[in-house]
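These are the residues of each chain, in order.
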Amino acid sequence: MREIINLAGYEYKKILGRKSTWIAFGILILLVLLCGFGNLMGNFYVEGQKVDTHYNMNQKECNALRQMKGQKLDDAFFERARDVSAEVMNGAKDLQELLVSKDGWNNYCRYYMPYGHVAELCMLMEKEMDKMDGESFYKGREELQQVNYEDMKISKEETEFHRQENARIKTPFAYGNMRGFERFFSLQYSLGIILVFIVAVCLAPLFAGEYTSKMDQMILSTRYGKNKIILAKLLTGISFALTLTLAVLGLTLLEINLIYGLEGWNLPIQTAYQGFALSIPINMLQMLGISLLCALFASCMVAALVMFFSVKMKTPFGVIIVAFLVIFVPMVLLNMVPEDSIWYLFVKGTPTVMMESWVGVSERMIPFGRHCFYYFQAMPVVYACLTAGLFAWSYRSFRCHQAI
């Protein structure tokens, strides 16, 4: 085992010794910083007059949501929202009339910041918050769920499963600052796609580079060439993907914590815009764990595929082209394949799509016998089996290359 680890260290030196690797790392870090701090740049204007900066507005909104900690989305909450709304409008016919001055903007922010997120949830149900109470809010959510099930054409078994899951969710929902988690979940998809492509670029020469440099036969003729060097390369590939994924998502999470805060960890995911209609009874912290789990397995799956392509192809450039197609084509197919087809289930389970946080807990599930499984339950098992199979195939293919 010590020899394999030492040989893996040598493979890491080769990866880190390429300028392209450090350029890719630099681009990735820049993207992380831009995704976190980029939306804080600039100012808000009303009728051509600057009223505030994006940074100040973000801080005010997060502070306003923190002050709502411990409150429930019940009758009393919606009654307070109506009282504040009436006070802020103060005779104005509509928002356009209110937002004609800096004072009007400040008054509007008094309402929007603490209650605006719930107003957006009401808009999902095509309802106005001022006309809602606790009962109509949760009834409207159930109606929205039913509409989603019908639009997705999910099976009766899935629908019944979601209803049972939904009954386990504690109502009324707790409320507070969920902005940090929402922002992280929205960023993971875009960052994840770039991340796995960089993994592909860095690992493409792992085996194919030996062919182009004419070192493959020499490697296989050495003492460890037919076993430990191959195992070291496979270990390098999978550990590189895991380390880079953890580093990038960890850095993103740290950045999000500095900007928005992560104190809403115990809020139900149903308070998030994307999670409002979901039936799984988990909180934000549990959702974060599921999201990171799916990202790690998806990244390892891409690494296994790239190493397999690297063994089978003769040049790193060819590996990168094939990897590009594997990573980006599913993004296009997902919007083209009918949701009620078996191909949709397949495309949704590809590593690229699984980088999207909410896919793992979405309404569309994987049927198996009489049971239904969330994607976050099934796909890590599938990825682990496929990765093991690809490892064995790659190992045997490169080892037998000497006999050709």
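Above this text you will find the structure in question.
Nothing here was measured: the structure is a model prediction, and the numbers come from that model.

Q: Could you give an account of the overall build of the chain, with specific residues and numbers?
A: Summing up its helical and strand segments, the chain has 17 helices and 4 strands in all. Counting only C-alpha atoms, the chain reaches 85 × 55 × 35 Å along its principal axes. Once local pairs closer than 6 in sequence are excluded, the contacts in the chain between residues at least 24 apart make up 75%. Accessible surface, the chain as shown: approximately 20,000 Å² in total, 62% of it carbon and sulfur. Charge separation in the chain, taken as the distance between the mean sites of 38 positive and 36 negative side-chain charges, equals 16 Å.

Q: Go over helix α8 (residues 156–167), please, and point to the residues and values.
A: Its 12 residues give α8 an end-to-end C-alpha distance of 17 Å, which sits within 8% of 16 Å, the value for a rise of 1.5 Å per residue. Within α8, burial applies to E158, T159, H162, E165 and N166. Down the axis of α8, the sector holding all buried residues measures 125°, keeping them to one side. Along α8, exposed side chains directed more than 90 degrees from the buried face belong to K156, E157 and A167. Where α8 is buried, its residues meet α7 (134–152) and β4 (371–373).

Q: Let's hear about the nonpolar core: which residues, and what values?
A: Among the nonpolar cores identified, the biggest contains 108 residues, and F77, V118, M129, F137, L244 and V361 are the most heavily contacted of them. Here this core takes 17 residues from helix α13 (residues 284–312), the largest share from any one element. Residues M57, A64, W105 and Y108 belong to the second largest nonpolar core, which totals 7 residues.

Q: Which residues make up the side chain of T53, and what are the values?
A: Along the chain, T53 turns up in strand β2 (residues 49–53). At 3.1 Å, the side chain of T53 and the backbone nitrogen of N56 are in polar contact. If we ignore the near neighbours within four places in the chain, the residues touching T53 are G42, N43 and F44.

Q: Give me the lowdown on the pattern of salt bridges, citing residues and values where you can.
A: Taken as a whole, this structure holds 7 salt bridges when the rule is applied. We note a salt bridge from K233 to E11, for which the minimum N-O separation is 3.2 Å. Pair noted here: K233 is in helix α12 (residues 228–259) and E11 is in helix α1 (residues 2–16), with a separation of 222 residues, a long-range link. Like E11, K233 is buried. With a shortest N-O distance of 2.9 Å, E61 and R179 are connected by a salt bridge.

Q: Could you give an account of a nonpolar patch on the surface, with specific residues and numbers?
A: A surface patch of nonpolar side chains, amounting to about 750 Å² of accessible area, comprises F317, I321, F324, L325, V329, V332, L333 and M336. For M336, the location among the structural elements is in the loop between α14 (316–333) and α15 (342–348). Judged by its relative accessible area of 59%, M336 is exposed.

About the criteria used
Residues numbered from 1 in each chain as written. Predicted model: local features only at pLDDT ≥ 70, side-chain atom pairs only at ≥ 80, totals over all residues. Heavy atoms only, no water. Helix = DSSP H or I, 4+ residues; strand = E, 2+ residues; numbered from the N terminus. Contact = heavy atoms within 4.5 Å. Areas by Shrake-Rupley, 256 points an atom, 1.4 Å probe, with all protein chains shown as cover. Lys, Arg positive; Asp, Glu negative; His and termini not counted. Charge placed at Lys NZ, Arg CZ, Asp CG, Glu CD. Expected span 1.5 Å × (residues − 1). Buried < 20%, exposed > 50% of the residue type's maximum accessible area, 1.4 Å probe, protein only. Arc of directions from axis to C-beta. Core = buried A, V, L, I, M, F, W, Y, C linked by side-chain atoms within 4.5 Å. Polar contact = N/O pair within 3.5 Å; in protein donor to acceptor, adjacent residues only side chain to side chain. Salt bridge = Lys/Arg side-chain N within 4 Å of Asp/Glu carboxyl O. Patch = residues over 30% accessible without salt bridge, like charges linked within 9 Å, V, L, I, M, F, W, Y side chains within 5 Å.

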